[in-house]
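Architecture at a glance
These are the residues of each chain, in order.
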Amino acid sequence: MNKDFQIIAGPCSVENYEQMDTIFSSINNTNYIRGGAYKPRTRPTDFQGLGPEGINMMVELKEKYNKKIVCEALSVEQLVHFDDVDIIQIGARNMQNTPLLIAAGKTGKTILLKRGLASTVEELLSSAEYIKSTGNNNIILCERGIRTFSESSRFTLDIAAIAYIKKHSDYLVYIDPSHAAGDSSLVQALTLAGVVAGCDGLIIEVHPNPEVALSDKNQQLTIEEYNELYKKVNKCLEII
Ligand code: PEP
Ligand code: MN
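So, a few notes on the structure that sits alongside this text. (Residues numbered from 1 in each chain as written. Chains lettered and ligands numbered in written order. Predicted model: local features only at pLDDT ≥ 70, side-chain atom pairs only at ≥ 80, totals over all residues. Heavy atoms only, no water.)

With respect to the packing of helix α3 (residues 98–106) against helix α4 (residues 121–132)
Packed helices, taken two at a time, are described by the angle between their axes plus the distance between the axes. Where α3 contacts α4, the two axes come as close as 7 Å, and the packing angle between them is 45°. In terms of orientation, α3 lies oblique with respect to α4. α3 and α4 meet at a crossing whose hand is right-handed. For the pair α3 and α4, the contacting residues are Thr98, Leu101, Ile102 and Gly105 in the first and Ser127, Tyr130 and Ile131 in the second. Taken together, the residues of the contact of α3 with α4 break down into four nonpolar, three polar and no charged. (Axes fitted to C-alpha atoms, helices over the stretch in contact; angles between N-to-C directions. Helix = DSSP H or I, 4+ residues; strand = E, 2+ residues; numbered from the N terminus. Parallel < 35°, antiparallel > 145°, perpendicular 65-115°, else oblique. Left-handed = near helix turned anticlockwise from the far one by under 90°. Contact = heavy atoms within 4.5 Å. Nonpolar A, V, L, I, M, F, W, Y, C, P; charged D, E, K, R; others polar.)

Put into structure tokens, the structure is as follows:
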């Protein structure tokens, strides 16, 4: 793997210690593990995440396995729990939450800023300016699919956005094929398309047993599927 290309892998949600220990111990081809402790769910009756307890599990395992961790913050108040989180994710639903952009920026940590599901690329770039205005230039932008009339996938991955952002800015651009696809059987195609289009990294949902996942069960890859995809990503990186 090209050393500048990064993959962030792990489940949608941190569910329990055993699940996360399996992920940390078996995903050996990347140093970055994701896991949501605060979940932006559509319905209040859906699993909302373990909160600080989930972050603590990630931190304990990051030390045990010498990895880095990526977690999403939904609000400014939650940031007090993110001291040992390496990359703070600001999700699609919060792309224009300006107090959160500023407070996250002020931590000085790397911010993974996802494109809103109905936001233009120019709006994404403008949101990134809020983070930058705090003096923090450690910003990764993430194309995670937008709402269109297409019913082929949950959201439509905007492949052109990768090239557009790279043409008009210096930001790193990752893609999130999992949330775009909404369906694990589509994740490989979207991933490889994004890699060939020139993205700088990936954030992919991987679960030890997706069938019993407490969130996004349809789109998460098994560890075996992820490892197979990893090999194909490397092949694509060789040809570009
Ligand atoms: C996530 O990555 O867990 C997530 C909720 O993604 P998005 O904000 O892109 O929907
Ligand atoms: Mn998810």
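There's more to say after this.
A few points about the site of ligand 1
The environment of ligand 1 is formed by Arg34, Lys39, Pro40, Glu72, Gln89, Gly91, Ala92, Arg93, Lys114, Arg144 and His179. Here an oxygen atom of ligand 1 sits 2.9 Å away from a polar atom, N or O, in the side chain of Lys39. Between ligand 1 and the protein, one listed contact pairs an oxygen atom with a side-chain N or O atom of Lys114 at 2.8 Å. Coverage of ligand 1 by the protein chains reaches 97% of its 300 Å² of free accessible surface. Partitioning the shell around ligand 1 into residue classes produces two nonpolar, three polar and six charged. (Near = heavy atom within 4 Å. Polar contact = N/O pair within 3.5 Å; in protein donor to acceptor, adjacent residues only side chain to side chain. Areas by Shrake-Rupley, 256 points an atom, 1.4 Å probe, with all protein chains shown as cover.)

Brief notes about the pattern of salt bridges
All chains considered together, the criterion is met by 11 salt bridges. Between Asp158 and Arg115 there is a salt bridge, with the nearest N and O atoms lying 2.8 Å from each other. Here Arg115 lies in the loop between β5 (110–114) and α4 and Asp158 lies in the loop between β6 (139–143) and α5 (159–168), a separation of 43 residues in the sequence. Where Lys231 meets Glu228, a salt bridge forms, and the shortest distance between an N and an O atom there is 3.0 Å. Pair noted here: Lys231 and Glu228 are both in helix α8 (residues 223–239), with a separation of three residues, about one helical turn. Within this structure, Arg41, Arg43 and Asp46 form a network of salt bridges that share partners. (Salt bridge = Lys/Arg side-chain N within 4 Å of Asp/Glu carboxyl O.)

Side note on the pairing of β5
Within β5, four of the five residues are buried, which leaves it mostly tucked inside the rest of the structure. In this structure, strand β4 (residues 87–90) lies alongside β5, joined through four bridges in parallel fashion. Within β5, the residue paired with Ile87 across the bridge is Thr110. Since β4 and β5 lie parallel, the crossover through α3 that links them has a hand, and here it is right-handed. Pairing of β5 with β6 involves four bridges; the strand directions are parallel. Its bridge partner lying in β6, Lys114 is registered against Cys142. Of the crossover connections in this fold, the one passing from β5 over α4 to the parallel β6 is right-handed. (Buried < 20%, exposed > 50% of the residue type's maximum accessible area, 1.4 Å probe, protein only. Pairing = 2+ DSSP bridges. Right-handed = clockwise from strand over helix to strand, strands pointing away.)

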